[in-house]
Amino acid sequence: MDELRSNVRRMLNNQDNIRIVGEARNGREAIDLVKELQPHVVLMDINMPEVDGLKAAEILAKDFPNVQTVIMSIQGEQEYFRRAMKAGAKDFLVKPFSTNDLVDTIQNVFNKWVKDRPELFANEPKADVLSFFSTKGGVGRTTLAVNLAVSLTSKGKKVLLIDASLQFGDVAITLNQPAKKTIYNLVENGDEITLGEIEKNIIKHECGLDLLLAPKEPAFAEAVKSEHILKIVETVQTMYNYIIFDLPPNVTEKELAILDRSNMVFLVATLEISSLKNTKICLKTFGDINFDLSKIKLILNKEIPNVGFGKEDLEAGLSIPVYATVPMESEIAQRSLNHGEAFVLKSPTSAIARSIIGMADRLVGPATVVDTGKSAILKIKDLLFGS
Ligand SMILES: Nc1ncnc2c1ncn2[C@@H]1O[C@H](COP(=O)(O)OP(=O)(O)OP(=O)(O)O)[C@@H](O)[C@H]1O
Ligand SMILES: [Mg+2]
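Residues numbered from 1 in each chain as written. Chains lettered and ligands numbered in written order. Predicted model: local features only at pLDDT ≥ 70, side-chain atom pairs only at ≥ 80, totals over all residues.

A look at the overall build of the protein chain
Stage number 1. When its secondary structure is counted, the protein chain shows 16 helices and 13 strands.
Stage number 2. Principal-axis analysis of the C-alpha atoms gives the protein chain an extent of 85 × 40 × 40 Å.
Stage number 3. For the protein chain, the residues scored as buried account for 39% of the 387 residues in total.
Stage number 4. A fraction of 73% describes how many contacts in the protein chain between residues 6 or more apart in sequence connect residues 24 or more apart. (Helix = DSSP H or I, 4+ residues; strand = E, 2+ residues; numbered from the N terminus. Buried ≥ 20, exposed ≤ 12 C-beta atoms within 10 Å, placed from the backbone. Contact = placed C-beta atoms within 7 Å.)

Quick look at helix 12 (residues 273-288)
Stage number 1. For helix 12, built from 16 residues, the straight-helix expectation of 22 Å at 1.5 Å per residue is met to within 8% by its first-to-last C-alpha distance of 23 Å.
Stage number 2. If you check which residues of helix 12 are buried, you get Ser 275, Thr 279 and Cys 282. Seen along its axis, helix 12 keeps its buried residues to an arc of 60 degrees; they face one direction. Turned more than 90 degrees away from the buried face of helix 12 sit Ile 273, Ser 274, Lys 284, Gly 287 and Asp 288, all of them exposed.
Stage number 3. Looking at the buried positions of helix 12, the neighbouring elements they touch are strand 10 (264-269) and helix 13 (311-318).
Stage number 4. Once helix 12 finishes, Asn 290 follows within two positions and takes phi at roughly 60 degrees, a positive value. (Expected span 1.5 Å × (residues − 1). Arc of directions from axis to C-beta.)

With respect to the domain arrangement of the protein chain
Stage number 1. By domain assignment, the protein chain separates into domain 1 (2-121 + 376-385) and domain 2 (128-347).
Stage number 2. Between domain 1 and domain 2, the C-alpha centre-to-centre distance is 40 Å. (Domains from an automatic or database assignment.)

Looking at the sheet that holds strand 9 (residues 242-246)
Either a parallel or an antiparallel arrangement is found when strands of a sheet pair, and the pairing is made through backbone hydrogen bonds.
Stage number 1. Here we have eight strands laid out as an open sheet, ordered 7-8-6-9-5-10-11-12, and mixed in their pairing. Here the strands that pair on one side only, and so sit at the sheet edges, are strand 7 (203-204) and strand 12 (322-327).
Stage number 2. Against the sheet, helix 6 (residues 141-154) touches strand 5 (128-133), strand 6 (159-163), strand 9, strand 10, strand 11 (296-303) and strand 12, its axis set at about 165 degrees to strand 9. (Pairing = 2+ DSSP bridges. Axes fitted to C-alpha atoms, helices over the stretch in contact; angles between N-to-C directions.)

Let's talk about the pairing of strand 2 (residues 41-45)
Stage number 1. For strand 2, the tally of buried residues reaches five of five residues, placing the bulk of the element in the interior.
Stage number 2. Burial along strand 2 is two-sided: the residues Val 41, Leu 43 and Asp 45 and Val 42 and Met 44 are all buried.
Stage number 3. As judged from the five bridges shared by strand 2 and strand 3 (residues 68-74), these two strands associate in the parallel manner. Each bridged residue has a counterpart across the sheet, and for Met 44 the counterpart in strand 3 is Ile 71.
Stage number 4. Assessed by its sense of winding, the connection that carries the chain from strand 2 through helix 3 (residues 53-63) to strand 3 is right-handed. (Right-handed = clockwise from strand over helix to strand, strands pointing away.)

Examining the site of ligand 1
Stage number 1. In the neighbourhood of ligand 1, 21 residues make up the surrounding shell, with Gly 137, Gly 140, Thr 142, Thr 143 and Ala 333 lying closest.
Stage number 2. For the shell around ligand 1, the secondary-structure elements that each account for two or more residues are helix 6, strand 11 and helix 14 (330-339).
Stage number 3. Broken down by element, the shell around ligand 1 gets its largest block of residues, four residues, from helix 14.
Stage number 4. Within the shell around ligand 1, the residues separate by chemical class into seven nonpolar, 10 polar and four charged. (Near = placed C-beta within 6 Å. Nonpolar A, V, L, I, M, F, W, Y, C, P; charged D, E, K, R; others polar.)

Comments concerning the packing of helix 2 (residues 27-37) against helix 3
Stage number 1. It is at 9 Å that the axes of helix 2 and helix 3 come closest, and there the two elements cross at 20 degrees. With respect to helix 3, the element helix 2 is oriented roughly parallel. Helix 3 is crossed by helix 2, and the crossing has right-handed handedness. Contact residues: helix 2 offers Gly 27, Ala 30, Ile 31 and Val 34, while helix 3 offers Gly 53, Lys 55, Ala 56, Ile 59 and Leu 60.
Stage number 2. The residue inventory of the contact of helix 2 with helix 3, partitioned by class, reads six nonpolar, two polar and one charged. (Parallel < 35°, antiparallel > 145°, perpendicular 65-115°, else oblique. Left-handed = near helix turned anticlockwise from the far one by under 90°.)

Regarding unusual backbone geometry
Stage number 1. Here the residue pair Lys 95 and Pro 96 is connected by a cis peptide bond, since its omega of -5 degrees sits within 30 degrees of zero.
Stage number 2. By the element assignment, Pro 96 lies in the loop between strand 4 (91-95) and helix 5 (99-115).
Stage number 3. One non-glycine residue with positive phi stands out, namely Asn 176, at about 50 degrees.
Stage number 4. Along the polypeptide, Asn 176 turns up in the loop between helix 7 (171-174) and helix 8 (184-187).
Stage number 5. Taking the number of C-beta atoms within 10 Å as the measure of exposure, Asn 176 has 14 and is therefore partly exposed.
Stage number 6. Positive phi, close to 60 degrees, is recorded for Asn 306, a residue that is not glycine.
Stage number 7. Mapped onto the elements of the fold, Asn 306 is located in the loop between strand 11 and helix 13.

So this is what it looks like as structure tokens:
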């Protein structure tokens, strides 16, 4: 039925992760198209002319083991479903179904298939994981993480910013976002963390940046474990160019797990003697636990002249070079925070914004400015069949 196909097409139209790559009117056409298009998922109505859904599912399962078939049928055809599953279909949908049912079924079938075949995605580009860390509060981790994330987004990169400052996360307020959905919603029921669940709990900022916010109350922070966070990264890593963490100033197992998973750790320090002292202790601790120190990029934030010591003293005191310097510009920083607007967009020519845009330029590099947008899970191919 053309109507079923157009309904399904309408339901899937706005799904970022699902792309309809073809449509067929009967089982015979379906099999020919699968041969040509090699989709990940096939939606197949049970009642089709020529070769019916059951027969087609059986042929697909035998000849195309990497193609996952979902059978659609109306109530009362349970017996068919049983036979369909036996014939090699991976799931079924009872008509009429909701958009949510449809999307969840497609994603679950696909995710199950992917899970057992990591080698298929071994060559997919994975997000660089960047963390903003310090052992002293208030040095500007959130300010830098948010503005770098926005800046990378405005350069056409897909970026996920995760507020891992789980007790008192400030990302939501810094970008004026209501924390309607947070990372806590992903773990509160103890269910498996799936791509579908993560996507439901991501907040989309108007600039294109994706956000996974910290729990609304500190009491919920404990529920989010390092395994959860690592699972989130693993699940979405092929969907983003960058995953950025805003971390709290603690060195517990949770922060260490994220730092370990990071490709770059932006260690933020300021020209205050307490920051120098704590950063030094932090570096010593990292050395003691054999942390890969080459990942650490020292960021001097709130640089200001004539305060008793400068960049060279910081480098000498910590025995590592400063990777980037961000000047003190209190008015712009504070106004941007209070208005919930990133200064890299609001005041892009200010010195503070330029320094962060410069960091983004350096990360992106000249060779990768053109985004091929090739990430795999974003491109779940879905072949739509109906009667
Ligand atoms: N380069 C800068 N120039 C002037 N002010 C800055 C700069 N960077 C950050 N600030 C200000 O410093 C304060 C602390 O910044 P921010 O909240 O980003 O730090 P944090 O390290 O995330 O703190 P917390 O420990 O609370 O998480 C804010 O008022 C912010 O506007
Ligand atoms: Mg912060």
